[in-house]
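Chain and residue survey
One letter stands for each residue in the lines below.
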Amino acid sequence: MKKNLFSTKTIVAVGIGAAVFVILGRFAAIPTGVPNTTIETSYAFLALMSIVFGPAAGLLIGFIGHALKDLLFYGAPWWSWVAVSGFVGLCFGLVWKKINIDEGVFAKKQIITFNITQATAQAIGWFLLAPVLDILIYAEPVNKVFTQAIVAGIANIVSVGVLGTLLLLAYAKTRVKTGSLQKDA
Amino acid sequence: MAAEMLSYLDRNSPIHRLTGATKLLCFLMWSAAAMLTYDTRILLAMFIGSLVLFKLSRIRVQEVSFVLILILLFLMINNIAIYLFSPQEGVNIYGTSHQLVHLVGRYNMTLEQLFYQFNITLKYFTVIPAALLFIVTTNPSEFAASLNRIGVSYRISFAVAIALRYIPDIQRDFQTIAQAQQARGLDMSRKETLGRRVKNTASIVVPLIFSSLDRIEVISNAMELRGFGKNNKRTWYSARPFSVGDFIAMAGVAVLLAVTLIVTFYDGNRFYNPFLAGV
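The name an unreviewed UniProt entry assigns to chain B is Energy-coupling factor transport system permease protein, from the organism Evansella caseinilytica. UniProt annotates chain B under Subcellular location (unreviewed entry) with the comment "Membrane".

Chain A carries the name UPF0397 protein SAMN05421736_1084 in an unreviewed UniProt entry, which gives Evansella caseinilytica as its organism. We quote the UniProt Subcellular location (unreviewed entry) comment for chain A here in full: "Cell membrane".

Right, here's the structure in full:
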């Protein structure tokens, strides 16, 4: 498959991806037992889409998906976290050419690359950008936003690390490996 | 399971007659104004204004009450969290301390803290009616056209249109899969251990994601066949020309934003401080 940053397929992937992000974010969040903290399956999905369709798709799915989810289910977008969703989507996608999942290989090396990228991106996004934007835009107390962000960030890093890796493994299995055909002797 | 979602409500009202582009621009300027300012006078004025607009739109409160309850719950939790984490935030911001109730340690309740949290809550109350109005009075197919109108590339606008079009479909898929898996005995509630819950959720999420990936394939092939993305511009079936009302609405909200910016940053402080005046 040709890797194009902004083809028709990417547009559709953004549209459907944002819709799935909305539904997963609303219905498929797993309660952890800690109040107001859920394991978000939507970010694992975002990671899969970014790796398959590239950083542009990741940025748009994160941004549009999160903004629509907030608008449709909670009435008003929480802009600072919407921006961070876009940011992490973009960062997940930065290694799409390196991992090249469409070749059907997602082995130890790719898993490590993926997890280092996702953990770094989310650490910057949730531990730094989200609370700083919260303070700048909403002037909320510093220690409150950092506590929230750190709890959510850790939950998301773990969820993308476990579920995201599993999703990518499952996706890789559906692709045909190059050179997987053999001529019978 | 059947969680309600905000959707377009067809009415004949002055707000509905505005074009989608106008409403989008007004909504963005309105949220920008509400986000930037902490000036209580402006927030109150905007809140009253948004109630008037809500009345004009002929949308009944019952039609959006499910979302209002969620928002109120969220605001309550948020307010409690702010108080727990930073009970003296208001004192820091306003610089004075009028103690109302004496409580343990730093948790003394002050007038400043109450005023600060009142402002935070008010900020939401000014944005919520505007956001609700924008969603329930804008036809989804017009929404994409209006994004394009204000300068967003039509490819991205189309992606948003696809998202809005397919959210109900994917919600239905999700429920079908979830019910099928629950019929087989999978439990996603708190009764299961965390590990099992993750595993059970995965068995719903994975089929949903892979069926959606197939959907991407089908839709993008169909669009490719119809020559989508060939030209630099496209027209929209649901786009409407601007009328006088649109210009009045946009000018009105633009003036509001300008006034907000001037009043808010005039004295170099985002907060309106009633405590200084009294001293």
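1. Some words on the overall build of chain A
When its secondary structure is counted, chain A shows 7 helices and 2 strands. The principal-axis extent of the C-alpha atoms belonging to chain A is close to 70 × 30 × 25 Å. Taking contacts inside chain A between residues at least 6 apart in sequence as the whole, the part at least 24 apart equals 72%.

2. Structural notes on the overall build of chain B
Each helix and strand in chain B was counted, giving 11 helices and 2 strands. Listed N to C, the secondary structure of chain B is α-α-α-α-α-β-β-α-α-α-α-α-α in terms of helices and strands. Rg of the C-alpha trace for chain B: 24 Å, well past the compact-globule value of 19 Å for 279 residues, more than 25% over. If you line up chain B on its principal axes, its C-alpha atoms span 70 × 60 × 35 Å. Taken across its 279 residues, chain B has 33% of its residues classed as buried. Long-range pairs, those at least 24 residues apart, make up 75% of the contacts in chain B with a sequence separation of at least 6.

3. Remarks on the nonpolar core
In this structure, Leu-48 and Ile-64 of chain A together with Ala-159 and Ala-163 of chain B are the most contacted members of the largest nonpolar core, which totals 87 residues. With 14 residues, the single largest contributor to this core is helix H8 (residues 154-183) of chain B. Once residues lying within four places of it in the same chain are set aside, the contact partners of Ala-159 of chain B are Ile-11, Val-14, Gly-15, Ala-18, Leu-60 and Ile-64 of chain A.

4. Side note on the interface of chain B and chain A
Facing the 54 residues of chain B at the interface are 45 residues of chain A. Among the elements of the structure, helix H4 (61-85), helix H6 (111-137), H8 and helix H9 (194-225) of chain B are those that each provide at least two residues to the side of chain B that touches chain A. Considering each element in turn, the side of chain B that touches chain A owes the most residues, 17 residues, to H9 of chain B. Residues belonging to the side of chain B that touches chain A are distributed by class as follows: 41 nonpolar, 6 polar and 7 charged.

5. Observations regarding the UniProt feature "transmembrane region" (unreviewed entry) in chain A
Residue and element names in this part refer to chain A. Mapped onto this structure's residue numbering, the UniProt feature "transmembrane region" (unreviewed entry) falls at residues 12-31, 43-66, 78-96, 116-139 and 145-172. Segment residues 43-66 splits into 96% helix and 0% strand. End C-alpha atoms: 10 Å apart. Secondary structure content for residues 116-139 is 96% helix and 0% strand, while the C-alpha to C-alpha distance between its ends is 32 Å.

6. Focus: helix H2 (residues 20-36) of chain B
All names here are of chain B. Its 17 residues give H2 an end-to-end C-alpha distance of 24 Å, which sits within 8% of 24 Å, the value for a rise of 1.5 Å per residue. All of the buried residues along H2 are Gly-20, Ala-21, Thr-22, Lys-23, Cys-26, Met-29, Trp-30, Ala-33 and Ala-34. On the buried face of H2, the contacting elements are helix H3 (40-56), H6, helix H7 (140-149) and helix H10 (244-266).

7. Overview of the UniProt feature "transmembrane region" (unreviewed entry) in chain B
Residue and element names in this part refer to chain B. The feature "transmembrane region" (unreviewed entry), as annotated in UniProt, sits at residues 27-54, 66-85, 114-136 and 247-266 in this numbering. End C-alpha to end C-alpha, residues 27-54 measures 13 Å, and it is 89% helix and 0% strand. Structurally, residues 114-136 comprises 100% helix and 0% strand, and the distance from its first C-alpha atom to its last is 33 Å.

8. Section: unusual backbone geometry
Residues and elements named next belong to chain A. Despite not being glycine, Asn-100 shows a phi value in the positive range, around 45°. The residue Asn-100 is located in the loop between helix H5 (96-99) and helix H6 (108-138) in this model. By C-beta crowding, Asn-100 is classed as partly exposed, having 16 other C-beta atoms within 10 Å.

9. Structural notes on the packing of H7 of chain B against H8 of chain B
All names here are of chain B. Axis separation between H7 and H8 bottoms out at 8 Å; the angle between their running directions is 160°. Compared by their axis directions, H7 and H8 come out roughly antiparallel. H7 and H8 meet at a crossing whose hand is right-handed. Seen from H7, the contacting residues are Pro-140, Ser-141, Phe-143, Ala-144, Leu-147 and Asn-148; seen from H8, they are Tyr-154, Ser-157, Phe-158, Val-160, Ala-161 and Leu-164. In terms of residue class, the contact of H7 with H8 is made up of 9 nonpolar, 3 polar and no charged.

10. With respect to the environment of Leu-71 of chain A
Mapped onto the fold, Leu-71 of chain A is located in helix H3 (residues 55-74). Residue Leu-71 of chain A is classed as partly exposed on the basis of its C-beta count, with 19 C-beta atoms lying within 10 Å. Each C-alpha atom of the pair Leu-71 of chain A and Asn-143 of chain A lies 27 Å from the other, and the pair is 72 residues apart in sequence. In this view, Leu-71 of chain A contacts Pro-77 of chain A together with Ala-131 and Ile-135 of chain B; residues no more than four positions away in its chain are not counted.

11. Considering H4 of chain B
Taking 1.5 Å as the rise per residue, H4 of chain B with 25 residues should run 36 Å; its terminal C-alpha atoms sit 34 Å apart, in good agreement. Maximal helix bending in H4 of chain B amounts to about 40°, located at Val-67 of chain B. What H4 of chain B keeps buried is the set Val-64, Val-67 and Ile-82 of chain B. In this structure, the buried residues of H4 of chain B make contact with H3 and helix H7 (142-174) of chain A together with helix H5 (89-94) and H6 of chain B.

12. What about the environment of Ala-44 of chain A?
Residue and element names in this part refer to chain A. By the element assignment, Ala-44 lies in helix H2 (residues 41-53). Owing to 26 C-beta atoms within 10 Å, Ala-44 belongs among the buried residues under this scheme. Between the alpha carbons of Ala-44 and Gln-118 there is a distance of 9.9 Å; along the sequence they are 74 residues apart. When residues no more than four places from it in sequence are discounted, the contact partners of Ala-44 are Ser-159, Val-160, Leu-163, Gly-164 and Leu-167.

Cut-offs and rules
Residues numbered from 1 in each chain as written. Chains lettered and ligands numbered in written order. Predicted model: local features only at pLDDT ≥ 70, side-chain atom pairs only at ≥ 80, totals over all residues. UniProt positions renumbered as here; feature names shortened; annotations may be inferred. Helix = DSSP H or I, 4+ residues; strand = E, 2+ residues; numbered from the N terminus. Contact = placed C-beta atoms within 7 Å. Rg over C-alpha atoms; globule rule 2.2 N^0.38 Å. Buried ≥ 20, exposed ≤ 12 C-beta atoms within 10 Å, placed from the backbone. Core = buried A, V, L, I, M, F, W, Y, C linked by C-beta atoms within 7 Å. Nonpolar A, V, L, I, M, F, W, Y, C, P; charged D, E, K, R; others polar. Expected span 1.5 Å × (residues − 1). Axes fitted to C-alpha atoms, helices over the stretch in contact; angles between N-to-C directions. Parallel < 35°, antiparallel > 145°, perpendicular 65-115°, else oblique. Left-handed = near helix turned anticlockwise from the far one by under 90°. Bend = angle between axes of the 7 residues up to and from the residue.

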